[in-house]
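# Architecture and fold: a report
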Amino acid sequence: MLPSVLRCARPVSTALALSRPLAHFRPHMDPDPSRPVERAIRTKLTDMLKPEHLEVHNESHMHAVPPGSESHFRVLVVSPMFEGLSLIQRHRLVNEALREELSSCVHALAIQAKTPEQWGSNPTLAKSPPCLGGSKGDHTMEEKLKAGRE
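- The protein chain appears in an unreviewed UniProt entry as BolA-like protein 1 from Myripristis murdjan.
- The record in UniProt for the protein chain states the following under Subunit (unreviewed entry): "Interacts with GLRX5."
- Regarding the protein chain, the UniProt comment filed under Function (unreviewed entry) reads as follows: "Acts as a mitochondrial iron-sulfur (Fe-S) cluster assembly factor that facilitates (Fe-S) cluster insertion into a subset of mitochondrial proteins. Probably acts together with the monothiol glutaredoxin GLRX5. May protect cells against oxidative stress."

The structure is reproduced here in structure tokens:
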């Protein structure tokens, strides 16, 4: 697992993403070219699900991973393709679109999949809980990350 996390590391600050309110995200906003995994997620979801609204949030900074990682994401997808589908069917469509990323460097993906009608009546993005992962309490994690870079 550690080598795949390190492959997804990037030396870029996440301060901009943390300071920008969600209202400023647009469905087809051009992704930052220094974030290849985020760009791939946005492109694949757009191509496959034709969303009316799409938000892709890199939440890796909230977890015990190297700075600049692209391993933990939250997506909000609002698509007419979800009409008549159960929540599990919607999630399966998202997971299928991101199969390559989920089998390589994306460790966690939180999905909100809504129809345009659902989004119209409740245009909110759920917040992620704080990380309780095992590595947060692992005091040898810094040594492991350093060893993984060598």
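## Details of the pattern of salt bridges
- All chains considered together, the criterion is met by 6 salt bridges.
- Glu100 is the partner of Lys44 in a salt bridge, and the nearest nitrogen-oxygen pair spans 3.1 Å. With Lys44 in helix α3 (residues 36–49) and Glu100 in helix α5 (residues 99–102), this pair connects stretches of sequence that are 56 residues apart.
- On the basis of relative accessibility, which here comes to 25%, the residue Lys44 falls in the partly exposed class.
- Residue class for Glu100 comes out exposed when judged on its relative accessible area of 55%.

## Notes on helix α4 (residues 87–97)
- Restricting attention to buried positions, one finds in α4 the residues Arg90, Val94 and Ala97. What you see down the axis of α4 is that its buried residues fit within an arc of 65 degrees, all on one side.

## Here's the deal with the nonpolar core
- The biggest cluster of nonpolar side chains holds 17 residues, and the ones touching the most others in it are Ile41, Leu45, Val75, Val77 and Val94.
- When contributions to this core are tallied by element, the ones reaching two or more residues are α3, β1 (53–58), β2 (72–78), α4 and β3 (108–114).
- Not counting chain neighbours up to four residues away, the residues in contact with Val77 comprise Leu45, Leu49, Pro51, His53, Leu54, Phe82, Val94, Gln112, Ala113 and Lys114.

## Some remarks on the sheet that holds β1
- Pairing in this open sheet of 3 strands is mixed, and the strands run β1-β2-β3 from one edge to the other. A strand with exactly one partner marks an edge of an open sheet, and here the two such strands are β1 and β3. Geometrically, the sheet is characterised by an average inter-axis angle of 10 degrees between neighbouring strands, direction not taken into account.
- In the sheet, β1 pairs with β2 via 6 bridges, with the strands oriented antiparallel.

## What to know about the packing of α3 against α4
- It is the contact of α3 with α4, at a shortest axis distance of 9 Å, that shows an interaxial angle of 125 degrees. Comparing the axis directions of α3 and α4 gives the class oblique. Like other packed secondary-structure pairs, α3 and α4 cross with a definite hand, here right-handed. Every residue of α4 that contacts α3 at Lys44, Leu45, Met48 and Leu49 is listed here: Leu93, Val94, Glu96 and Ala97.
- Across the contact of α3 with α4, the residue classes break down as 6 nonpolar, no polar and 2 charged.

Definitions and cut-offs
Residues numbered from 1 in each chain as written. Predicted model: local features only at pLDDT ≥ 70, side-chain atom pairs only at ≥ 80, totals over all residues. Heavy atoms only, no water. UniProt positions renumbered as here; feature names shortened; annotations may be inferred. Salt bridge = Lys/Arg side-chain N within 4 Å of Asp/Glu carboxyl O. Helix = DSSP H or I, 4+ residues; strand = E, 2+ residues; numbered from the N terminus. Buried < 20%, exposed > 50% of the residue type's maximum accessible area, 1.4 Å probe, protein only. Arc of directions from axis to C-beta. Core = buried A, V, L, I, M, F, W, Y, C linked by side-chain atoms within 4.5 Å. Contact = heavy atoms within 4.5 Å. Pairing = 2+ DSSP bridges. Axes fitted to C-alpha atoms, helices over the stretch in contact; angles between N-to-C directions. Parallel < 35°, antiparallel > 145°, perpendicular 65-115°, else oblique. Left-handed = near helix turned anticlockwise from the far one by under 90°. Nonpolar A, V, L, I, M, F, W, Y, C, P; charged D, E, K, R; others polar.

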